[in-house]
Amino acid sequence: MKILGISGSIKSQKTITAVETVLQAIKNKNKSIETELISLGDFDIAYSDGRDYRDYDGDTNTVISKVMSADAFVIGTPVYQSSIPGVLKNLFDLLPKDAFMDKVVGIVTTAGSDKHFLMVESQLKPILNYMKAIIVPKYVFINEAFFINGKIVSDDIEFRVRQLADDTINITEVVQEMRKKREDEFDF
Amino acid sequence: MKEYKIDESKGMEIGLYSLGDLLPDVHTGNTISEQERIKNIVQQAKLAEEAGLDIFSLGESHQPYFTSQAHQVILGYITATTTKIKLTSGVTVLSTADPVRVFEEFSTLDLLSNGRIELIAGRASRTGVYKLMGISLRDYEAIFEEKFELLLQMNRERVVNWEGEYRASLEDAEILPRPLNDKLVIWRGVGGSPASAIKAGYQGVPMTLATLAGPASAFKEAVDAYRIVLDKSGFDSKKKPVATTSLCYIADETSTAMREYFPYMSKGFELVNGRPFSKYHFAEAKNSNNTLMVGNWELIVEKILYQHELYGHQRFLAQVDFGGLPFSKIEKIIDILANKVAPVVRKETKKD
């Protein structure tokens, strides 16, 4: 199983920390799971112009390939103008529309204020659902007040991060099992 | 339909199309040489003619795993190895070509083939050819529309005056040679969406619709939209033919066909489209209302007739050589398609 962490902004150390924390919790649970963190700010990604996803080159191609080959995701997003950052939307725009078919997505949000708690529901989930992702129902929302010196300092968040990690692993296993069961029903 | 050389009193036209893919055989891992594949394509056209199929189509694709980039050259060769069967490109990527040269080439093919050649113009779903030919993707739509309009104008007018963005102007230009009866049959290739079908309707050109796989009714929207726009734009939709294209594999039993074909189709998709074909979606092929033409010959007949009820189309093209299938299999499918499927379909669809 390969789980890809995506920090969905150009420069948000808090989001990177949040995704890193979830990936670490995944590793703590099961060392054999391969994890990788990509921060979109580390890549020179082209704007989507609607072409086939395999026809991009350079960093854009690298990022798309990483996404297409993962089994599950932890997507981290800050809140920009009451929505996800443009760079993250651009990543979705670059991908084929069923890129997340049979793949599991866990979500962690960072924000300056609790007012945006439902941003994920109204902005991010519709996109992921359209792209056929299986979304871990409960996401983790972290108010930036809980970040101190690059660390998350909240018992509550620690527990919720752990739950997100467990859910992401378990749901991915179930989805893979389900898919196998479905395919075994066919005799070809 | 006469303008497009289609005789509805004979029933639907049934033919083959190849995209010239060159893929390894999934069971052996071996890929035949480019030369062998191209010669096999030529042979397929000959077999199709001998078996009595109506038309053979060959498309260009400039990506890895393809070999018919110079499709008009191969078609040129086929004009000499066949005598009766209609031939068409499918598709010719007009956006990255010079329409004047395309017209010259296809007019020449029309003369050589005694009026058997047709042309299906398209935009290409992959962009490799744009990069190869140095054509910017920025104007993907505009380039095609402009070049297609010019192609249609050259077909209408002997002396062309034309000005546009993406090619040098033409002043009192005679585009020569002229096709056999002064007109080429030019179609527009359309993906599944109504948006592109509507454009074909506005232009009053016949439409070849890709109906690769999926519920048959999903493509009806595009066909209906095409005809509505034709009639609204002053054309007569009863005089404009529609063709559909699907992947096709036929065996004695539907379950055998599915078992034999799935590995080829799935591996082929993985190499050509980036991801294997979903088993779940493939399983739907056993239903007569799914467009993927995999099954025994009776099921294939049922599917074509069901679609004919929905679309009222005039032509069906089967892709029987996808995925590195051994040539002996391709030969067998052509035989069944021509001798079992086509006679029934023609009989059931002919108009008085």
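Worth saying up front: this structure is predicted, and the values here are computed from it rather than measured.

Caption draft 1: Structural detail: the overall build of chain B. For chain B, the helix and strand inventory stands at 11 helices and 12 strands. A compact globule built from 352 residues should have a C-alpha radius of gyration of about 20 Å, and chain B, at 19 Å, falls within 12% of that. Across its three principal axes, chain B shows a C-alpha extent of roughly 60 × 45 × 40 Å. By the burial criterion, 45% of the 352 residues in chain B qualify as buried. Long-range contacts, defined here as pairs at least 24 residues apart, represent 74% of the contacts in chain B between residues at least 6 apart.

Caption draft 2: Layout of the interface of chain B and chain A. On the chain A side, the residues contacting the 13 residues of chain B number 10 residues. Of all elements in the fold, only α8 (254–273) and α9 (279–283) of chain B reach the threshold of two or more residues within the side of chain B that touches chain A. It is α8(B) that contributes the most residues to the side of chain B that touches chain A, 4 residues altogether. For the side of chain B that touches chain A, the class distribution of residues is 5 nonpolar, 5 polar and 3 charged.

Caption draft 3: Region of the structure containing the nonpolar core. Core analysis: the largest hydrophobic core is formed by 91 residues, its most contacted members being Leu16(B), Leu53(B), Leu151(B), Leu209(B), Tyr226(B), Ile250(B) and Leu337(B). A per-element tally of this core places helix α11 (residues 327–349) of chain B first, with 8 residues. Sequence-distant contacts of Ile250(B), defined by excluding residues within four places in its chain, comprise Ala257(B), Gly295(B), Asn296(B), Trp297(B), Ile300(B), Ile333(B), Ile336(B) and Leu337(B). Membership of the second largest hydrophobic core comes to 46 residues, among which are Ile26(A), Ala70(A), Leu128(A) and Phe141(A).

Caption draft 4: How the structure looks around the pairing of strand β5 (residues 117–122) of chain B. Residue and element names in this part refer to chain B. Most of β5 is tucked away, with 6 of its 6 residues classed as buried. Of the two faces of β5, the one carrying Ile117, Leu119 and Ala121 and the one carrying Glu118, Ile120 and Gly122 are both buried. As defined by bridge partners, strand β3 (residues 86–89) adjoins β5 across 2 bridges and the pair is classed as parallel. For Thr88, the partnering residue across the bridge sits in β5 and is Glu118. Here strand β4 (residues 92–93) runs beside β5; their pairing, made up of 2 bridges, is parallel. Paired with Val93 across the two strands is Gly122, which belongs to β5. Traced from β4 through helix α3 (residues 99–112) to β5, the parallel crossover comes out right-handed. The pairing of β5 with strand β8 (residues 185–190) spans 4 bridges and is parallel. Counterpart to Ala121 in the pairing with β8 is Arg188.

Caption draft 5: Molecular detail of unusual backbone geometry. Val91(B) follows Gly90(B) through a cis peptide bond whose omega is -5°. Take Val91(B): it is sitting in the loop between β3 and β4. In this structure, the amide linkage connecting Leu176(B) to the following residue, Pro177(B), adopts the cis form with an omega of 0°. With respect to the helices and strands, the residue Pro177(B) is situated in the loop between β7 (170–174) and β8. For Lys132(A), which is not glycine, the phi torsion reads 70° and is therefore positive. With respect to the helices and strands, the residue Lys132(A) is situated in the loop between α4 (119–130) and β5 (134–135). Although it is not a glycine, Asn114(B) sits at a positive phi angle of roughly 60°. Of note, Asn114(B) is situated in the loop between α3 and β5. Taking the number of C-beta atoms within 10 Å as the measure of exposure, Asn114(B) has 11 and is therefore exposed.

Caption draft 6: Inspection of the environment of Tyr226(B) at higher detail. Residue and element names in this part refer to chain B. Looking at where Tyr226 falls in the secondary structure, it is placed in helix α7 (residues 220–232). Sequence-wise, Tyr226 and Val205 are 21 residues apart; in three dimensions their C-alpha atoms are separated by 9.8 Å. When residues no more than four places from it in sequence are discounted, the contact partners of Tyr226 are Ala197, Ile198, Ala200, Gly201, Met207 and Val242.

Caption draft 7: Structural context of the environment of Glu348(B). Residues and elements named next belong to chain B. Position of Glu348 among the secondary structure elements: in helix α11. Overall, the presence of 13 C-beta atoms within 10 Å leaves Glu348 in the partly exposed class. Spatially, the C-alpha atom of Glu348 lies 9.9 Å from that of Val301, the residues being 47 residues apart in sequence.

Caption draft 8: Representation of the environment of Leu152(B). All names here are of chain B. Secondary-structure assignment places Leu152 in helix α5 (residues 140–156). Note on Leu152: 19 C-beta atoms within 10 Å, which makes it partly exposed. Measuring from C-alpha to C-alpha, the distance between Leu152 and Gly122 comes to 13 Å, with 30 residues separating the pair along the chain. When sequence neighbours within four positions are dropped, the list of residues in contact with Leu152 reads Ile186, Gln203 and Val205.

Caption draft 9: Inspection of the packing of helix α1 (residues 34–51) of chain B against α11(B) at higher detail. Residues and elements named next belong to chain B. It is the contact of α1 with α11, at a shortest axis distance of 9 Å, that shows an interaxial angle of 25°. As the angle between them shows, α1 and α11 are arranged roughly parallel. Along this stretch, α1 crosses α11, giving a crossing that reads as right-handed. Seen from α1, the contacting residues are Asn40, Gln44, Leu47, Ala48 and Ala51; seen from α11, they are Phe327, Ile330, Glu331, Ile334, Asp335, Ala338 and Asn339.

Thresholds applied
- Residue numbers here run from 1 along each chain, matching the order of that chain's written sequence.
- Ligands are numbered from 1 and chains lettered from A, in the order in which they are written.
- This being a predicted model, a pLDDT of at least 70 is required before a residue's local features are given, and a value of 80 or more before pairs of side-chain atoms are given or counted; all residues contribute to the totals for chains, interfaces and linings.
- Secondary structure elements are defined from DSSP: runs of H or I of at least 4 residues count as helices, runs of E of at least 2 residues count as strands, and each element is numbered from the N terminus.
- The atom set for the radius of gyration is the C-alpha atoms, and the globule formula is 2.2 Å times the number of residues raised to the power 0.38.
- Labels follow a simple rule on C-beta atoms placed from the backbone: if 20 or more others lie within 10 Å of a residue's own, it is buried; if 12 or fewer, it is exposed; otherwise it is partly exposed.
- A pair of residues counts as a contact when their C-beta atoms, built from backbone coordinates, are within 7 Å of each other.
- Classes in brief: Ala, Val, Leu, Ile, Met, Phe, Trp, Tyr, Cys and Pro nonpolar; Asp, Glu, Lys and Arg charged; the others, Gly included, polar.
- Joined through C-beta atoms within 7 Å, a set of buried Ala, Val, Leu, Ile, Met, Phe, Trp, Tyr and Cys residues constitutes a nonpolar core.
- If DSSP finds at least two bridges between two strands, the strands pair.
- A crossover counts as right-handed when, viewed with the strands pointing away from the observer, the path leading from the first strand over the helix to the second turns clockwise.
- To obtain each axis, a line is fitted to C-alpha atoms, and for helices this fit is confined to the stretch in contact; angles are then taken between N-to-C directions over 0 to 180 degrees.
- To sort the angles, those under 35 degrees are grouped as roughly parallel, those over 145 as roughly antiparallel, those from 65 to 115 as roughly perpendicular, and the leftovers as oblique.
- A clockwise turn of the near helix away from the far one marks a right-handed crossing, whereas an anticlockwise turn of less than a right angle marks a left-handed crossing.

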